[in-house]
Amino acid sequence: MSVRRRHPRTRENRVLRLLARLEREPRQDPVIDGLRAGIRSLPLGRGRDLLHGMWLGHPVHPLLVQVPIGSWLSAAVLDVTKGRPREAGLLVGVGLAAAGPAALTGAVDWAELQRPQLRVGLVHAVSNTVAVGLYTASLVCRLTGRTRAGRTLGFLGLAAVGSGGMLGGHLAYRQAAGVNHAEAVPHVVTDRWHRIGAVDEFPPGRPVRRRVDDVPVVVVRETDGSIHALADRCSHLAGPLSEGTVSDGCVRCPWHGSVFRLSDGLNVRGPAVAPQPAFDARVTDGQVELPLVRHDGQDGREQPAGDGREPDRHRNEAGRGSAHGHTH
């Protein structure tokens, strides 16, 4: 006689169910579209890439939000002890001053997200805006001698910014906004030469999609015969670079306009803040072969594991090999 085991029923967290509904809610889309268009039309120039965090290698927004959140949390600790109201008010003011730059970087990043992320991000921004309003009122009360009301408004502001922080965490860790979507490539591609097709299968100047160890790769053969290859999924939000445009030695993502240098995958224009994994190339018996370029911290690259044959190639200014139409 067999005994049937009962497994405990698992239910999805109620908060996650609400967030899933928020991701699918279309009623806020007209507001989103208007705000998004306004943010994209700001005359920021190259400063937009600065706000995205290209200089840092990841978004700046999570770094800047530490100042207002830390200041307001510290003010709350002082409010609980009721011993240093002046210092608590100063911390509230510091948080308000730092909230502006944090909001600007967040808005620029938000305008380049996908629709479900935009919906959650809008509520995240509303929560933080409510927090700023409450802390502004708290500071006014403190400056006019209404300390108790200032403390109460401060605690309400902390609750609002905490809710916004939870939504920000959902954006980053559940919806993968702001993360490097090409990070897994070096962990998936094996160290060897991968044959991807005959030279004639790659028309000059046109991006062609191939696969290397189940990793999509965009391959571009230039008019001089040199061949470049990058991971196909954009590091920003996994857009297909093989459907993008090629110009001036770069490929532009069709989704959000990130631009990557074909020779080495460097991101030369945002919103992508991480470069694309790049492949070396050679032509053997009329067939194009690729290995992933890996960095070792010394000369900037290591040779891939393979048969040891060194392809004929010319070095470009970035130092990567460019395969030409020679056979071995």
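Nothing here was measured: the structure is a model prediction, and the numbers come from that model.

What counts, and at which threshold
Residues numbered from 1 in each chain as written. Predicted model: local features only at pLDDT ≥ 70, side-chain atom pairs only at ≥ 80, totals over all residues. Heavy atoms only, no water. Pairing = 2+ DSSP bridges. Helix = DSSP H or I, 4+ residues; strand = E, 2+ residues; numbered from the N terminus. Axes fitted to C-alpha atoms, helices over the stretch in contact; angles between N-to-C directions. Expected span 1.5 Å × (residues − 1). Buried < 20%, exposed > 50% of the residue type's maximum accessible area, 1.4 Å probe, protein only. Contact = heavy atoms within 4.5 Å. Salt bridge = Lys/Arg side-chain N within 4 Å of Asp/Glu carboxyl O. Core = buried A, V, L, I, M, F, W, Y, C linked by side-chain atoms within 4.5 Å. Parallel < 35°, antiparallel > 145°, perpendicular 65-115°, else oblique. Left-handed = near helix turned anticlockwise from the far one by under 90°. Nonpolar A, V, L, I, M, F, W, Y, C, P; charged D, E, K, R; others polar. Phe/Tyr/Trp six-rings, centres within 6.5 Å; stacked < 30°, edge-to-face > 60°.

Caption draft 1: Layout of the sheet that holds strand S8 (residues 267–269). As summarised here, the arrangement of the 4 strands in space is S5-S6-S7-S8, forming an open sheet in which the pairing is antiparallel. Only two strands of the sheet have a single neighbouring strand rather than two, namely strand S5 (245–247) and S8. With strand direction ignored, the average angle separating the axes of adjacent strands in the sheet is 30 degrees. Direction of pairing for S5 relative to strand S6 (residues 250–252): antiparallel, over a ladder of 3 bridges. By the bridge assignment for S6, Thr 245 is matched with Arg 252.

Caption draft 2: Representation of helix H8 (residues 147–174) in the model. Over its 28 residues, H8 extends 39 Å from the first C-alpha to the last, a length consistent with the 40 Å expected when each residue adds 1.5 Å. Taken as a whole, H8 has its buried residues at Gly 150, Arg 151, Leu 153, Gly 154, Gly 157, Ala 160, Val 161, Gly 164, Leu 167, His 170 and Leu 171. In the core, the buried residues of H8 are packed alongside helix H1 (14–24), helix H5 (66–81) and helix H7 (115–143). Of the residues trailing H8, Ala 176 is marked for its positive phi of about 60 degrees.

Caption draft 3: Representation of the pattern of salt bridges within the structure. Summed over the entire model, instances satisfying the criterion amount to 16 salt bridges. Notably, a salt bridge pairs Asp 49 with Arg 46, separated by 3.6 Å at the nearest N-O pair. The exposed category is assigned to Arg 46, whose relative accessible area is 51%. The salt bridge involving Arg 151 is made with Asp 79; its shortest N-O contact spans 4.0 Å. One end of the pair, Arg 151, is in helix H8; the other, Asp 79, is in helix H5, with 72 residues separating them in the sequence. Asp 79 shares its class with Arg 151; the two are buried. Sharing partners across several salt bridges, the network here consists of Asp 29, Asp 33, Arg 115 and Arg 119.

Caption draft 4: Region of interest: unusual backbone geometry. Cis geometry is adopted by the peptide bond preceding Pro 271, which originates at Gly 270 and carries an omega value of 20 degrees. Positive phi is not limited to glycine here, since Asp 248 has a value of about 55 degrees. With respect to the secondary-structure elements, Asp 248 resides in the loop between S5 and S6.

Caption draft 5: Here's a closer look at the nonpolar core. In terms of nonpolar packing, the biggest core is built from 19 residues, with Val 219, Phe 279, Val 288 and Leu 290 touching the most fellow members. Counting residues per element, the ones that place at least two in this core are strand S2 (208–212), strand S3 (215–221), strand S4 (227–231) and strand S11 (287–290). Counting residues in each nonpolar core, the second largest holds 14 residues, with Ile 32, Leu 122, Leu 167 and Leu 171 among its members.

Caption draft 6: Examining the packing of H1 against H7 more closely. Running from amino to carboxyl end, H1 crosses H7 at an angle of 115 degrees, the nearest separation of the two axes being 7 Å. In terms of orientation, H1 and H7 fall into the roughly perpendicular class. Crossing of H1 against H7: the hand is right-handed. Contact with H1, carried on its side by Leu 22, Glu 23 and Arg 24, involves Pro 116, Arg 119, Val 120 and Val 123 of H7 and no other residues of that element. Residue composition of the contact of H1 with H7, grouped by class: 4 nonpolar, no polar and 3 charged.

Caption draft 7: Representation of the packing of aromatic side chains in the model. If you walk through the whole model with that rule in mind, you get 1 aromatic pair. Pairing Trp 72 with Tyr 135 gives two aromatic rings, centres 4.2 Å apart and planes at 10 degrees, and the pair type is stacked. Residue Trp 72 is found in helix H5, and its partner Tyr 135 is found in helix H7; the two are separated by 63 residues along the sequence. Both residues of the pair, Trp 72 and Tyr 135, belong to the buried class.

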